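Chain and residue survey
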Amino acid sequence: MSQNRHKELGLTDEQVLHMYKMMLLARKIDERMWLLNRAGKIPFVISCQGQEAAQIGASFALDREHDYVAPYYRDMGVVLAFGMTSKELMLSGFAKAEDPNSGGRQMPGHFGQKKNRILTGSSPVTTQLPHAVGVALAAKMRKDPIVSLVTLGEGSSNQGDFHEGLNFAGVHKLPVITMVENNKYAISVPIEKQIASETVADRAQGYGMPGYTVDGNDPLAVYEAVKNARERAINGEGPTLIEAVSYRLTAHSSDDDDRTYRESKEVDEAKKKDSLITFAKYLQDENILSEDVEKQVNDEIAKEVNEATDYAENAAYAQPEDALRYVYEE
Amino acid sequence: MPVMSYIQAVTAALREEMQRDENVFVLGEDVGKKGGVFRATDGLFDEFGEARVLDTPLAESAIAGVGIGAAMYGLRPVAEMQFADFIMPAVNQIISEAAKIRYRSNNDWNVPMTIRAPYGGGVHGALYHSQSVEAVFANQPGLKIVMPSTPYDVKGLLKASIRDNDPVLFFEHKRAYRLLKGEVPEEDYVLPIGKADIKREGSDITIITYGLCVHFALQAAEKLAEEGIDAHILDLRTVYPLDKEAIIDAATKTGKVLLVTEDNKEGSIIGEVAAIIAENCLFDLDAPVQRLAGPEIPSMPYAPTMEKYFMINPDKVEKAMKELAEF
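Here the structure is a predicted model, which means the values were calculated and not measured.

Looking only at helices and strands, one finds eleven helices and seven strands in chain A. The C-alpha atoms of chain A give 19 Å as radius of gyration, which agrees with the globular expectation for 330 residues (20 Å, within 12%). For chain A, the C-alpha atoms occupy an extent of roughly 55 × 50 × 40 Å along the three principal directions. Out of the 330 residues in chain A, the part that is buried amounts to 58%. Considering only intrachain contacts with a sequence separation of at least 6, the fraction spanning at least 24 residues in chain A is 73%. Of the roughly 13,700 Å² that chain A leaves accessible, carbon and sulfur atoms contribute 48%. Averaging the coordinates of the 37 positive side-chain charges in chain A and doing the same for the 51 negative ones gives two points 1 Å apart.

In structure tokens form, the structure reads like this:
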């Protein structure tokens, strides 16, 4: 990365350090969840690893006090940036009653928190895209100066809801930003067997909006793309499609073995471009992340993750009969 | 009290709710300038403008999904599916999303959305403009399914659906749109979702049904009254969740029950009604519960001979009622 890029984008040293911390926090919570899973303490993990830069870069380009997000299951970085805490994520991992996402009803990664304007998500992919379009439509009707950001994987860009939702947004020029986190795999099926067009961003053309492909390992590149998209949206110029290309560094989930369909060499190569390494290097070169600061950041995060884990592990489950509640308004 | 048609009651309810609450808006195919293919949204575009009477792209999953998003933001969308038969691309949004959003978010989010769709046959609509699709959705807790039979019920129940804080599927019988007329108060009123309604008091046999079949049963009952058979008719009005208490009361009242639906028999709403009666009314029954329904074929054929063969009509209901009375 060349020098001073963050300043050219209007970001302070403090802000980029904050971005790095949040990327690292997402990574460390994720890694802890894998350990807990392998130790038999939590049944399931689905990972953000490799996509933190895109998630944090995009989130920091938004108004995190007012904008809405419709994340997908890998978006731990997005929900952290929008105000969900480590403790809350761990409560979700352990399926405890206090989990704000679902009270222990949904698998981890099924985010949602109204107070932080994080729309609730499900497992069938891409259903969240029309929801984000609906939020944008409603905001436009009420003349609220906000945007919605919806994220999804590249495999999901084959679903009908992707095309129906983007077309709707394009026709009505709605303030919605769609970011496809292209991690190159839909479970085991690689990108070349998923998408006929050269890029996911190419698909924007059919829906009357610009489409951009950016380096998803570079939080500043993603920040810039989303910031521009937000400006367009707020100015009434309509939606934008952004494809952030990175790599899925883990198996699809804790129930998947990726050695059956991809070479470890390929994963090793991708790890060299891991944003946690490359962005740390940038911050070091900019004299923002000194050894002292790095140690302090690591210590803080380790403490936070430990405390969150302990709290969530010891928290109560919902009562069995709580399963009956909230089918309808009570 | 003014007399209006079934579809005029739909329009009246929409107009009054849009006047009352600026969060209410309509979206769907052809609902705007054209006022709907059946003219259910007639005049709303001129009165409320393009933003609140929104013509959407022809894409049902987006209509439902965008509606869900707008509802989560705090609006009260009324989405129209042009025909109930065309709701299928939106099933994922309705069942995986709308029905489960309150539950899966542990009461954090909710979806105050109404989806209107014309259903039912007898209009030369063939396979894909005639279907009854309620059974597809009637085992999905989180959804409510309303199927009114009279203009009075249409207005009161559509208003209640729009004001409801959970998703409601509101199925309107398309043959009833102009066939049925009735008195509808001009003033604001709502009717309770989840409550069945006795449409005729009687003491010999009980008919439990909904939608257009309520009228077939009422017509048959008038004829049979001349023969001394006094029929009790319960209109389910809400087919999911069912009004168990009203079903049990109606079945117990006469001990002889005929269930009628225009849908195929197997797996239909009336199968569940029969199960409720079987569980609760064994010692009050004087005859096996009878079901009158469409045949087990995929949908209603186009040719008038075959369409008529499929459809429920007053004669078929009368025959079934008479057989039950004589049991």
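Now that the structure has been shown, the text picks up again.
Our next topic: the overall build of chain B. The number of helices and strands found in chain B is 13 helices and 14 strands. Principal-axis analysis of the C-alpha atoms places the extent of chain B at approximately 60 × 45 × 40 Å. The burial tally for chain B puts 63% of its 327 residues in the buried class.

With that settled, the discussion passes to the interface of chain A and chain B. Taken together, the contact between chain A and chain B spans 43 residues of the former and 44 residues of the latter. Carbon and sulfur atoms supply 61% of the area buried between chain A and chain B, which totals about 3,600 Å² over both sides. Here chain A is connected to chain B by zero salt bridges. The interface formed by chain A and chain B contains 24 residue pairs in polar contact (both at pLDDT 80 or more). Among the elements that line the side of chain A that touches chain B, the one with the most residues is helix H6 (residues 128–142) of chain A, at ten residues. Residue classes in the side of chain A that touches chain B are distributed as 20 nonpolar, 14 polar and nine charged.

Right, let's talk about the domain arrangement of chain B for a bit. Residues and elements named next belong to chain B. The domain boundaries assigned to chain B delineate domain 1 (3–183) and domain 2 (197–326). For domain 1 and domain 2, the distance between their C-alpha centres works out to 26 Å. For the pair domain 1 and domain 2, the summed buried area comes to about 2,200 Å², and 58% of that belongs to carbon and sulfur atoms. By the criterion of area lost to domain 2, the three top residues of domain 1 are His 124, Met 147 and Ser 149, representing 19% of everything that side buries. Seen at the junction of domain 1 and domain 2, the total is two salt bridges. Taken together, domain 1 and domain 2 are joined by 14 residue pairs in polar contact (both at pLDDT 80 or more). Broken down by secondary-structure element, the contributors of at least two residues to the side of domain 1 that touches domain 2 are helix H6 (134–137), strand E6 (144–146), helix H7 (151–163) and helix H8 (176–179). By residue class, the composition of the side of domain 1 that touches domain 2 is 17 nonpolar, 13 polar and four charged.

Under the local residue numbering, the UniProt record ascribes the feature "domain: Transketolase-like pyrimidine-binding" (unreviewed entry) to residues 4–179 of chain B. The distance from the first to the last C-alpha atom of residues 4–179 of chain B is 11 Å, and the span holds 38% helix and 17% strand.

Further remarks concern the UniProt feature "domain: Dehydrogenase E1 component" (unreviewed entry) in chain A. Using the residue numbers shown here, the UniProt feature "domain: Dehydrogenase E1 component" (unreviewed entry) corresponds to residues 20–320 of chain A. Helix makes up 43% of residues 20–320 of chain A and strand 10%. Its end C-alpha atoms lie 40 Å apart.

All names here are of chain B. Taken in spatial order, the seven strands of this open sheet run E3-E2-E4-E5-E7-E6-E12, and their pairing is mixed. Here the strands that pair on one side only, and so sit at the sheet edges, are strand E3 (53–55) and strand E12 (238–240). Ignoring strand direction, the axes of neighbouring strands in this sheet form an average angle of 25°. Of the pairings in the sheet, the one linking strand E2 (residues 24–28) to strand E4 (residues 76–80) comprises five bridges and is parallel in character. Residue Val 26 lies in a different strand from E4, and its bridge partner there is Val 78.

Residue and element names in this part refer to chain B. For strand E11 (residues 231–235), a buried count of five out of five residues is recorded, marking the element as mostly surrounded by other parts of the structure. Here strand E9 (residues 197–200) pairs with E11 via three bridges, running antiparallel. Looking across to E11, one finds that Arg 200 is bridged to Ile 233. With helix H9 (residues 213–226) bridging strand E10 (residues 205–209) and the parallel E11, this β-α-β connection has right-handed handedness.

Further remarks concern the packing of aromatic side chains. Two aromatic rings are characterised by how far apart their centres lie and by the angle between their planes. In the structure shown here, the tally under the stated rule is 13 aromatic pairs over all chains. Among the aromatic side chains, those forming a connected cluster through ring pairs are Tyr 6, Phe 38, Phe 83, Phe 86 and Tyr 177 of chain B. The lysine or arginine in question, Lys 87 of chain A, covers the ring of Tyr 311 of chain A, its NZ or CZ lying 4.1 Å from the ring centre. Lying over the aromatic face of Tyr 103 of chain B, Arg 105 of chain A brings its terminal NZ or CZ to 3.9 Å of the ring centre.

As a further point, take unusual backbone geometry. A cis amide bond, omega -10°, links Tyr 240 of chain B with the succeeding residue Pro 241 of chain B. Turning to its location among the elements, Pro 241 of chain B is positioned in the loop between E12 and helix H10 (244–254). With a phi angle near 60°, Ala 95 of chain A is a residue other than glycine that sits in the positive phi range. Among the structural elements, Ala 95 of chain A can be located in the loop between helix H5 (86–93) and H6. Classification of Ala 95 of chain A by relative accessible area gives partly exposed; the value is 26%. Within the chain, Thr 126 of chain A stands out as a residue other than glycine whose phi angle is a positive 80°.

Analysis parameters
Residues numbered from 1 in each chain as written. Chains lettered and ligands numbered in written order. Predicted model: local features only at pLDDT ≥ 70, side-chain atom pairs only at ≥ 80, totals over all residues. Heavy atoms only, no water. Helix = DSSP H or I, 4+ residues; strand = E, 2+ residues; numbered from the N terminus. Rg over C-alpha atoms; globule rule 2.2 N^0.38 Å. Buried < 20%, exposed > 50% of the residue type's maximum accessible area, 1.4 Å probe, protein only. Contact = heavy atoms within 4.5 Å. Areas by Shrake-Rupley, 256 points an atom, 1.4 Å probe, with all protein chains shown as cover. Lys, Arg positive; Asp, Glu negative; His and termini not counted. Charge placed at Lys NZ, Arg CZ, Asp CG, Glu CD. Buried area = accessible area lost by both parts, 1.4 Å probe. Salt bridge = Lys/Arg side-chain N within 4 Å of Asp/Glu carboxyl O. Polar contact = N/O pair within 3.5 Å; in protein donor to acceptor, adjacent residues only side chain to side chain. Nonpolar A, V, L, I, M, F, W, Y, C, P; charged D, E, K, R; others polar. Domains from an automatic or database assignment. UniProt positions renumbered as here; feature names shortened; annotations may be inferred. Pairing = 2+ DSSP bridges. Axes fitted to C-alpha atoms, helices over the stretch in contact; angles between N-to-C directions. Right-handed = clockwise from strand over helix to strand, strands pointing away. Phe/Tyr/Trp six-rings, centres within 6.5 Å; stacked < 30°, edge-to-face > 60°. Lys NZ or Arg CZ within 6 Å of the ring centre and 35° of its normal.

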